[in-house]
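Fold and geometry: a report
As a plain string of letters, each chain reads:
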Amino acid sequence: MNDQAAWEQAVATAGEWYSNLPSAARAELDGLLEEIMQLKERLVGLVTSSGSATTCRTCGGECCLLGKYHVSVLDVLAYRKTGVEPVSPDFSAGPACPYSDVSGCRMPPRYRPVTCVIFNCQLIEDRLTTVDREMLLEYEKRLRGTVNQAGHTSGIRLDRPLLLSCS
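The text that follows walks through the structure, step by step, so that each part is easy to find. Sequence order sets the numbering: in each chain, residues are counted from 1 along the sequence as written. Only residues with pLDDT of at least 70 get local features here, since the model is predicted, and only at 80 or more are side-chain atom pairs given and counted; chain-wide, interface and lining totals rely on the full set of residues. With hydrogens and water stripped out, all remaining heavy atoms of the structure feed into the side-chain values.

**As for the packing of helix 1 (residues 3-19) against helix 4 (residues 73-82)**
Close contact between helix 1 and helix 4 brings their axes to 10 Å; oriented N to C, the two are set at 60 degrees. Here helix 1 is positioned oblique relative to helix 4, judged by the angle of their axes. Considering only the axes of helix 1 and helix 4, their crossing is right-handed. Contacts between helix 1 and helix 4 involve V11, A14, G15, W17, Y18 and S19 from the former and V73, V76, L77, R80 and K81 from the latter. In terms of residue class, the contact of helix 1 with helix 4 is built from 7 nonpolar, 2 polar and 2 charged. Here, axes are lines fitted to C-alpha atoms. For helices the fit covers the stretch in contact, and angles between N-to-C directions go from 0 to 180 degrees. Going along the chain from the N terminus, every DSSP run of H or I of four or more residues is numbered as a helix, and every run of E of two or more is numbered as a strand. The labels follow the angle: roughly parallel below 35 degrees, roughly antiparallel above 145, roughly perpendicular from 65 to 115, and oblique for the rest. For any pair of crossing helices, the crossing counts as left-handed if the nearer helix is rotated counterclockwise from the farther one by less than a right angle, and right-handed if it is rotated clockwise. Only heavy atoms matter for contacts: two residues are in contact if any of them lie within 4.5 Å across the pair. Residues are sorted three ways: Asp, Glu, Lys and Arg are charged, Ala, Val, Leu, Ile, Met, Phe, Trp, Tyr, Cys and Pro are nonpolar, and all the rest, Gly among them, are polar.

**Points about the pattern of salt bridges**
Salt-bridge detection follows one rule: a side-chain nitrogen of Lys or Arg within 4 Å of a carboxyl oxygen of Asp or Glu. In the structure shown here, the tally under the stated rule is 8 salt bridges. With a closest N to O distance of 3.0 Å, E34 and R110 form a salt bridge. One end of the pair, E34, is in helix 2 (residues 23-49); the other, R110, is in the loop between strand 2 (104-105) and helix 5 (114-118), with 76 residues separating them in the sequence. Classification of E34 by relative accessible area gives partly exposed; the value is 22%. The residue E125 makes a salt bridge to R133 at a minimum N-O spacing of 3.5 Å. Residue burial is assigned from relative accessible area. The probe radius is 1.4 Å, only protein chains are included, and a residue is buried under 20% of its type maximum, exposed over 50%, and partly exposed in between. Of the residues examined, R133 reaches a relative accessible area of 30% and is grouped as partly exposed. Via salt bridges that share partners, E34, E41, K81 and R110 belong to a single interconnected network.

**A closer look at helix 4**
Of all 10 residues in helix 4, 7 are buried; the element is thus mostly enclosed. Taken as a whole, helix 4 has its buried residues at V73, L74, D75, V76, L77, A78 and Y79. Taken together, the buried residues of helix 4 touch helix 1, helix 2, helix 5 and helix 7 (130-154). A positive backbone phi angle near 75 degrees is found at G83, which sits one or two residues after helix 4.

**Structural notes on the nonpolar core**
The definition of a nonpolar core used throughout is a set of buried Ala, Val, Leu, Ile, Met, Phe, Trp, Tyr and Cys residues joined through side-chain atoms within 4.5 Å. Judged by nonpolar contacts, the single largest core of 42 residues is most densely connected at L29, L77, Y99 and L143. Among the elements of the structure, helix 1, helix 2, helix 4, helix 5 and helix 7 are those that each provide at least two residues to this core. With 10 residues, helix 2 is the largest single contributor of residues to this core. In this structure L29 touches W17, Y18, L21, L77, A150, T153 and L158, once residues within four positions along its chain are discounted.

**Quick notes on the environment of V102**
By secondary structure assignment, the location of V102 is in the loop between strand 1 (100-101) and strand 2. Once the C-alpha coordinates of V102 and M135 are considered, the two residues, 33 residues apart in sequence, prove to be 30 Å apart.

**Notes on the side chain of S154**
Structurally, S154 is set in helix 7. Since its relative accessible area comes to 15%, S154 is described here as buried. Here G151 takes part through its backbone oxygen, which lies 3.1 Å from a polar atom of the side chain of S154. Pairs of N or O atoms within 3.5 Å make up the polar contacts considered here, provided that, within protein, one atom can donate a hydrogen while the other can accept it, and that residues adjacent in sequence are counted only when both atoms are side-chain atoms.

Written out as structure tokens, the structure reads:
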């Protein structure tokens, strides 16, 4: 099975699973997904406010290479919860991330994979203040805890890479 077929199968399977959740479990998971999306926005917003966009444009996205496995089941469920169609990957772009283009990530911050929102290269780290770094660590800790809680609530590994979930 090629990457595009695996993506389509995994998105469909995750969507079916989500639709079949009992309403109480889905409501609890939806609350956790909303919290996760808000934390992702805060993480990206904090880094962006430090002027990272200029650094990232200059770098060309070295951290985004080989990103096809970064999207998880959890990320697809966030799209499903909000009724937004997931970004359509371009697997022919390899080794570049199939979810980005020349202007950067095509996913709004709230839908980006955890790996993508918590990683900061040294160039970005150098731009952050001590207070910013402390806030990033706190947001990351909360994000990881909420992702774990969502996994316990659902009874499945939501942090598993989507493309590996159908194999």
